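Residue-level structure breakdown
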Amino acid sequence: MTELRVGIVGVGVMGADHAERVVRKTVGARLVAVSDADAGRAEALAGRLSERSADRSAGGSVSTARHSGGTAYAETVRVVEDPLDLIAADDVDAVILASPGSVHAEQLFACLEHGKPVLCEKPLTMDAASALRVVEAEHKLGRQLIQVGFMRRFDPEYAALKQLLDSGDLGRTLLLHNVHRNKSAPPTFRSEMIVRDSMVHEVDVARWLFGEEITRITVHTPAPTSLVGDGVLDPQLAVFELANGAMANVEVFVNFQVGYEVRCEAVAERGSATIGLGSGVFTRAGEQWGGTMPADFRVRFEQAYDIEVQRWVDATVRGEIDGPSAWDGYAAAAVCEAGLESLSTGKPVDVALADRSKVLG
Ligand code: ISE
């Protein structure tokens with residue numbers, strides 16, 4: 001296979017970002033098709049990716065030019081109305097799913113049915129039961145086709161932290177303190193979304209850094225900011241308990257107003273390590289000192305996304321995955337499900353997780 005022909009389902013914020021990435025940066029991959037519930041948005045994206053001089057050809061195709069290894073060549077991005085048709089298409093070798101989580105299950109089953117490797121943005125699915133069905137269906141195929149888009153694992157700072165903790169130089173890791181702040185979230189981003197869509201990253205980070213499952217979660221809800229709609233519990237403060245007795249605490253605050261901030265401090269027996277201090281260029285001028293903050297996750301984690309997609313493409317060509325698996329997506333869904341119950345009761349909730357060795361053999 002010379003180049004991996006990629007189709008993207010869902011071209012909202014993240015899908016559009018990945019489309020640009022595949023076209024402009026990823027080596028060994030070509031964007032051939034996009035699909036979105038909003039056909040106009042898909043057309044507009046295909047148009048944006050086209051050269052100013054691109055000639056629109058028939059059938060909703062748009063020619064784009066890109067550079068790879070110094071050679072510019074034409075590329076055609078097709079707009080496909082039905083996402084299931086895109087997944088089934090012969091000219092699509094692999095799929096990036098960036099559609100809403102509520103349609104992931106159906107689209108993931110289609111990817112499995114057609115043997116298409118898929119990079120699925122989180123959440124894997126909306127609940128633990130359907131996520132487990134996906135894990136089981138993939139396992140039956142005997143080949144891992146699903147990688148979940150927990151991009152923080154590819155962020156150089158997180159990767160360096162993981163390496164340090166795994167080296168054992170600081171002794172056993174005991175605690176994680178996490179801060180996750182977004183500048184703002186739309187009014188539709190309710191309390192449950194804060195758990196499912198934002199806190200889920202911390203769930204994956206804690207499972208990954210400790211190499212342990214989360215067995216219990218408590219979600220506390222301090223007095224909310226007055227700057228969000230009625231009834232939205234923001235910020236939230238969660239405590240994760242892990243199978244080995246370690247703990248992680250997490251502040252998630254999605255209407256922080258200031259900018260995007262993600263920090264993680266690991267406390268081990270002989271030292272601590274912190275990432276996400278944003279220590280880029282620090283200036284002192286005009287009676288002010290400091291630096292800048294990224295506006296959102298696309299900026300803060302740009303490098304992580306670039307590395308994630310490049311490694312996914314390289315692994316896909318080898319017939320493998322290289323990142324969080326369907327099991328990781330399922331485990332995160334199970335923790336979030338318990339988190340949602342804790343959000344409504346304020347009580348600790350045990351995570352109901354299937355026995356991995358029974359599911360995966
Ligand atoms: C968004 O979907 C993300 O994945 C971001 O990383 C996270 O910070 C944000 O809260 C989510 O809504």
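Residues numbered from 1 in each chain as written. Predicted model: local features only at pLDDT ≥ 70, side-chain atom pairs only at ≥ 80, totals over all residues. Heavy atoms only, no water.

**Structural notes on the environment of leucine 31**
Note on placement: leucine 31 falls in strand S2 (residues 29-35). Linking leucine 31 and valine 95, residues 64 residues apart in sequence, is a C-alpha distance of 9.8 Å. (Helix = DSSP H or I, 4+ residues; strand = E, 2+ residues; numbered from the N terminus.)

**Digging into a nonpolar patch on the surface**
Together, Leu174, Leu175 and Met247 line one region of the surface with nonpolar side chains, adding up to about 210 Å² of accessible area. By secondary structure assignment, the location of leucine 175 is in strand S8 (residues 173-181). (Patch = residues over 30% accessible without salt bridge, like charges linked within 9 Å, V, L, I, M, F, W, Y side chains within 5 Å. Areas by Shrake-Rupley, 256 points an atom, 1.4 Å probe, with all protein chains shown as cover. Salt bridge = Lys/Arg side-chain N within 4 Å of Asp/Glu carboxyl O.)

**Digging into the domain arrangement of the protein chain**
Each domain of the protein chain was delimited in the assignment, giving domain 1 (4-151 + 305-325) and domain 2 (153-298 + 328-360). Its C-alpha centre places domain 1 at a distance of 27 Å from the equivalent point of domain 2. Listed as interface residues are 27 residues of domain 1 and, on the opposing side, 21 residues of domain 2. Both sides together, the interface formed by domain 1 and domain 2 hides about 2,200 Å², and carbon and sulfur atoms give 68% of it. The largest contributions to the domain 1 side of the interface with domain 2 come from Lys122, Phe150 and Met151, which together make up 28% of the buried area. For the interface between domain 1 and domain 2, the tally reads one salt bridge. Here aspartate 197 and lysine 122 are joined by a salt bridge, their closest N and O atoms 3.2 Å apart. At the level of secondary structure, the elements contributing two or more residues to the side of domain 1 that touches domain 2 comprise helix H1 (13-24), helix H5 (128-141), strand S7 (146-148) and helix H9 (302-318). Broken down by element, the side of domain 1 that touches domain 2 gets its largest block of residues, six residues, from H5. For the side of domain 1 that touches domain 2, the per-class residue count stands at 15 nonpolar, five polar and seven charged. (Domains from an automatic or database assignment. Contact = heavy atoms within 4.5 Å. Buried area = accessible area lost by both parts, 1.4 Å probe. Nonpolar A, V, L, I, M, F, W, Y, C, P; charged D, E, K, R; others polar.)

**Observations regarding the side chain of serine 325**
Tracing the sequence through the fold places serine 325 in the loop between H9 and helix H10 (326-345). Those residues within four positions of serine 325 in sequence are excluded, and the remaining contacts are Gln144, Ile146 and Val148.

**Considering H5**
Because an α-helix packs 3.6 residues into every turn, residues spaced three or four apart end up facing the same way. Look at H5: 20 Å from first C-alpha to last across 14 residues, which is about the 20 Å you get at 1.5 Å a residue. All of the buried residues in H5 are Ala128, Ser130, Ala131, Leu132, Val134, Val135 and Glu138. Packing partners of the buried residues in H5 comprise helix H4 (104-113), S7, H10 and helix H11 (356-360). Where H5 begins, the capping side chain belongs to aspartate 127, and its oxygen is found 3.2 Å from the backbone nitrogen of alanine 129. Positioned one or two residues after H5, glycine 142 has a phi angle of 80 degrees, which is positive. (Expected span 1.5 Å × (residues − 1). Buried < 20%, exposed > 50% of the residue type's maximum accessible area, 1.4 Å probe, protein only. Polar contact = N/O pair within 3.5 Å; in protein donor to acceptor, adjacent residues only side chain to side chain.)

**With respect to the sheet that holds strand S12 (residues 261-268)**
On the basis of which strands lie adjacent, the open sheet formed by seven strands has the order S13-S12-S8-S11-S10-S9-S16 and mixed pairing. The sheet is open, and its two edges are formed by strand S13 (271-275) and strand S16 (349-350), each paired on a single side. As defined by bridge partners, S12 adjoins S13 across five bridges and the pair is classed as antiparallel. Looking across to S13, one finds that cysteine 264 is bridged to isoleucine 275. Across the sheet, H10 lies against strand S9 (214-220), strand S10 (236-242) and S16, angled at about 35 degrees from S9, the strand it touches most. (Pairing = 2+ DSSP bridges. Axes fitted to C-alpha atoms, helices over the stretch in contact; angles between N-to-C directions.)

**Looking at the pattern of salt bridges**
Following the criterion strictly, the structure yields 29 salt bridges and no others. Between aspartate 36 and arginine 41 there is a salt bridge; the shortest N-O distance is 3.3 Å. A relative accessible area of 39% means that arginine 41 is categorised as partly exposed. Through salt bridges with shared partners, one network takes in Asp17, Arg21, Lys25, Glu302 and Asp306.

**Here we look at the site of the ligand**
In the neighbourhood of the ligand, the contacting residues comprise Lys122, Met151, His180, Asn182, Phe189, Asp197, Ser198, His201, Tyr260 and Phe297. Between an oxygen atom of the ligand and a side-chain N or O atom of lysine 122, the distance comes to 2.9 Å. Residue serine 198 places a side-chain N or O atom 2.7 Å away from an oxygen atom belonging to the ligand. Out of a free accessible area of 300 Å², the ligand has 89% covered by protein chains. In terms of residue count, helix H7 (residues 191-210) provides more of the shell around the ligand than any other element does, three residues in total. Split into classes, the residues belonging to the shell around the ligand amount to four nonpolar, four polar and two charged. (Near = heavy atom within 4 Å.)

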